[in-house]
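Okay, here's what each chain looks like letter by letter:
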Amino acid sequence: MFEFLDIIGTFVFAISGALTGWHKKLDLFGVFIIAFVTALGGGTLRDVLIGRTPVGWMEDLTYVYIIGFGFFTTIVLRTKLEKLRISLFLFDTIGLGIFTIIGIEKGIAIGLHPIICIVLGTITASFGGVIRDILCNEIPIIFRKEIYATVSISGGI
Amino acid sequence: MFEFLDIIGTFVFAISGALTGWHKKLDLFGVFIIAFVTALGGGTLRDVLIGRTPVGWMEDLTYVYIIGFGFFTTIVLRTKLEKLRISLFLFDTIGLGIFTIIGIEKGIAIGLHPIICIVLGTITASFGGVIRDILCNEIPIIFRKEIYATVSISGGI
Amino acid sequence: MFEFLDIIGTFVFAISGALTGWHKKLDLFGVFIIAFVTALGGGTLRDVLIGRTPVGWMEDLTYVYIIGFGFFTTIVLRTKLEKLRISLFLFDTIGLGIFTIIGIEKGIAIGLHPIICIVLGTITASFGGVIRDILCNEIPIIFRKEIYATVSISGGI
């Protein structure tokens, strides 16, 4: 169940990243990289902070394939995806909730204090979007829209 | 003694981060995150680079409490803190000195070369402010004000 | 042979970083830091992601010396280096190729899947320049110039 949700979250974040890169008029390599870091940035930072290395996606190609699939989906369907913007925001929100829970699970698994687990869940969920915005030279959207914070923290609780 | 200084440094950097976030008109969640990364960013990067994981603040809630305290202090007293700007800069400078020394200690403890220890101390002291400025979409202040560099390196020597 | 190439790559990236910092009118400390992170950022991230800590440059002072040498070379010869811009771009390209190969080697050494090794090589080669551009508050050049991507990925293949 968690694995299925993880795949959904990765896929949606990859699309979110690819769309952002596209709007910034990056080249295709840049768009792919933004999709990659948006989808995997949070989990990667989480793994590094708790010392779970090599980080998760290095030992399971599934993630790379999903991101590639999300990337091509975005390139091909970007006009339709634009219209679905509100729905995408919905998926993004679901992704945040999922990734928060997964991050908390990982923290519990190594015996961290519940408060630290919530912090870890929030990092897992939000850092991908933060690094996406940093790379695109914007102040991270998560710091400017109340909704993200609310979703991520309450997803944790 | 070191622990006491560490607490002072964390507290002052949390205030410094929260004030910066406030000026950037971030929402409260954003202000808290900036306080958090400013206070813990340097030590976190240091721990990750030397392989001391899970990183320090994950195993000791004290840091999170201090940052929460610094965050609320900033929200409540921000008008008064503005007037204390020069004093805050003084505290910030003290914080840099303290964190440099702590970073060097950690490097010595695992047997690194003295030059590397100074680099590690400088990373510990300055990276929190660097990541704060990156998140707020500014060129890090440490690269533009000679004073920071001087304090941090001479604190190390 | 690899070690010699590694030294060349580090030296050229240090010059590339120092020149960028100089153009951004950073102070000397800032210029040095940009040289440092441009030269070592990619390898550092690679080592952290695969759990090879303390990261490479902490256990071998050679890298710090090379960067110091590149830094002073840039300060002294910057007018001449400006004229060599195209040649520098050539060296930069060579550096990207070298670092990609070194990154791939490290991945193979710990038994990662070939696709992941290429990703790791690309990270090693490009992240130094990415962090340089982030610190200088620019959208990373690698996302905007097709050439970098082509060089790095094909260097890997």
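Refer to the structure presented above.
What comes next is a walk through the structure. (Residues numbered from 1 in each chain as written. Chains lettered and ligands numbered in written order. Predicted model: local features only at pLDDT ≥ 70, side-chain atom pairs only at ≥ 80, totals over all residues. Heavy atoms only, no water.)

**Digging into the overall build of chain A**
Inclusion rule: Numbered from the N terminus, helices here are DSSP runs of H or I no shorter than four residues, and strands are runs of E no shorter than two. The rule is simple: take the accessible area with a 1.4 Å probe, protein chains only, and divide by the maximum for that residue type; under 20% is buried, over 50% is exposed, in between is partly exposed. What makes two residues a contact is simply this: any of their non-hydrogen atoms within 4.5 Å. Working definition of accessibility: Shrake-Rupley area with a 1.4 Å probe, residue cover restricted to the visible protein chains.
A count of helical and extended segments in chain A gives six helices and zero strands. The secondary structure elements of chain A, listed N-terminal to C-terminal, are α-α-α-α-α-α. Within chain A, the fraction of its 157 residues that count as buried is 59%. Expressed as a percentage of contacts within chain A between residues at least 6 apart in sequence, the contacts between residues at least 24 apart total 71%. Split by element, the accessible area of chain A, about 6,900 Å² in all, is 70% carbon and sulfur.

**Here's the deal with unusual backbone geometry**
Here the amide bond leading from Thr53(A) into Pro54(A) is cis, since omega sits at -5 degrees, within 30 degrees of zero. The backbone of Lys25(B) shows a phi angle near 60 degrees, a positive value even though the residue is not glycine. Position of Lys25(B) relative to the elements: it lies in the loop between α1 (2–23) and α2 (28–50). For Lys25(B), a relative accessible area of 72% translates into the label exposed.

**A word on the interface of chain C and chain A**
Condition: Each of two parts loses accessible area, computed with a 1.4 Å probe, when they are put together; buried area is these two losses added. By definition here, a salt bridge exists when the distance from a side-chain nitrogen of Lys or Arg to a carboxyl oxygen of Asp or Glu is within 4 Å. By the criterion applied in these results, polar contacts are pairs of N or O atoms within 3.5 Å in which, for protein atoms, one can donate a hydrogen and the other can accept it, and in which residues neighboring in sequence qualify only through two side-chain atoms.
Contact residues are listed per partner, giving 26 residues for chain C and 23 residues for chain A. Carbon and sulfur atoms supply 78% of the area that chain C and chain A bury against each other, a total of about 2,000 Å² over both sides. Linking chain C with chain A are zero salt bridges. At the junction of chain C and chain A, the tally comes to one residue pair in polar contact (both at pLDDT 80 or more). Per element, the largest residue contribution to the side of chain C that touches chain A is eight residues, and it comes from helix α5 (residues 114–135) of chain C.

**Details of the interface of chain B and chain A**
Worth spelling out the cut-off: Charged residues are taken to be Asp, Glu, Lys and Arg, nonpolar residues to be Ala, Val, Leu, Ile, Met, Phe, Trp, Tyr, Cys and Pro, and polar residues to be all remaining types, Gly included.
Counting residues at the interface gives 23 residues for chain B and 26 residues for chain A. There are zero salt bridges connecting chain B and chain A. For the pair chain B and chain A, the number of links is one residue pair in polar contact (both at pLDDT 80 or more). Of all the secondary-structure elements, those providing two or more residues to the side of chain B that touches chain A are α2, α3 (62–83) and α5 (114–135) of chain B. Here the side of chain B that touches chain A gets eight residues from one element, more than from any other, and that element is α2(B). The class makeup of the residues in the side of chain B that touches chain A is 17 nonpolar, four polar and two charged.

**Structural notes on the packing of aromatic side chains**
Residues and elements named next belong to chain A. Note the cut-off: Two aromatic rings, drawn from Phe, Tyr or Trp (for Trp, its six-membered ring), form a pair once their centres lie within 6.5 Å of each other, and the interplanar angle then sorts them: stacked below 30 degrees, edge-to-face above 60, tilted otherwise.
Using the criterion set out here, one finds 18 aromatic pairs over all chains in the structure. Between Phe71 and Phe72, the ring centres sit 5.3 Å apart and the planes meet at 65 degrees, which makes this aromatic pair edge-to-face. Owing to a relative accessible area of 8%, Phe71 belongs among the buried residues under this scheme. Classification of Phe72 as exposed rests on a relative accessible area of 55%.

**Some words on the relation of the copies chain B and chain A**
Convention followed: Least squares is the method used to superpose the copies, on C-alpha atoms of residues holding a pLDDT of at least 70 in both.
By a simple turn and slide, chain B fits onto chain A: the slide is 0.0 Å along the axis, the RMSD is 0.0 Å, and the turn is 120 degrees. In short, the pair behaves as if placed about a three-fold rotation axis. A share of only 13% of the interface residues of chain B reappears at the interface of chain A, consistent with the copies meeting through non-equivalent patches.

**Describing the relation of the copies chain C and chain A**
Superposing chain C onto chain A requires a rotation of 120 degrees together with a translation of 0.0 Å along the rotation axis, leaving an RMSD of 0.0 Å. The fraction of interface residues of chain C whose copies in chain A are also interface residues is only 12%, indicating that the copies meet through different surfaces.

**Comments concerning α5(C)**
All names here are of chain C. Put simply, the test is: Any helix carries an expected span of 1.5 Å times its number of residues minus one. By definition, a residue's bend is the angle between the axes fitted to the seven residues ending there and the seven starting there.
Between its terminal C-alpha atoms α5 stretches 31 Å, which fits the 32 Å expected from 22 residues at 1.5 Å a residue. At Ser126, α5 shows its largest kink, close to 45 degrees. Most of α5 is tucked away: 18 of the 22 residues are buried.

**Points about the packing of helix α2 (residues 28–50) of chain C against α5(C)**
All names here are of chain C. Counted only if it meets this: Fitted lines through C-alpha atoms give the axes, limited to the stretch in contact for helices. The angle between two N-to-C directions lies from 0 to 180 degrees. Here the word oblique covers every angle except those under 35 degrees (roughly parallel), over 145 (roughly antiparallel) and from 65 to 115 (roughly perpendicular). In this scheme, a crossing is called left-handed if the near helix is turned counterclockwise away from the far one by less than a right angle; it is called right-handed if the turn is clockwise.
For the pair α2 and α5, interaxial distance at closest approach is 7 Å and the crossing angle is 135 degrees. Regarding the angle of α2 to α5, the classification is oblique. When the axes of α2 and α5 are compared, the crossing they make is right-handed. Seen from α2, the contacting residues are Ile34, Val37, Thr38, Gly41, Gly42, Gly43, Leu45, Arg46, Leu49 and Ile50; seen from α5, they are Leu120, Ile123, Thr124, Phe127, Gly128, Gly129, Ile131, Arg132 and Leu135. Within the contact of α2 with α5, the residues separate by chemical class into ten nonpolar, seven polar and two charged.

Remember, this is a structural readout, not a statement about activity or role.
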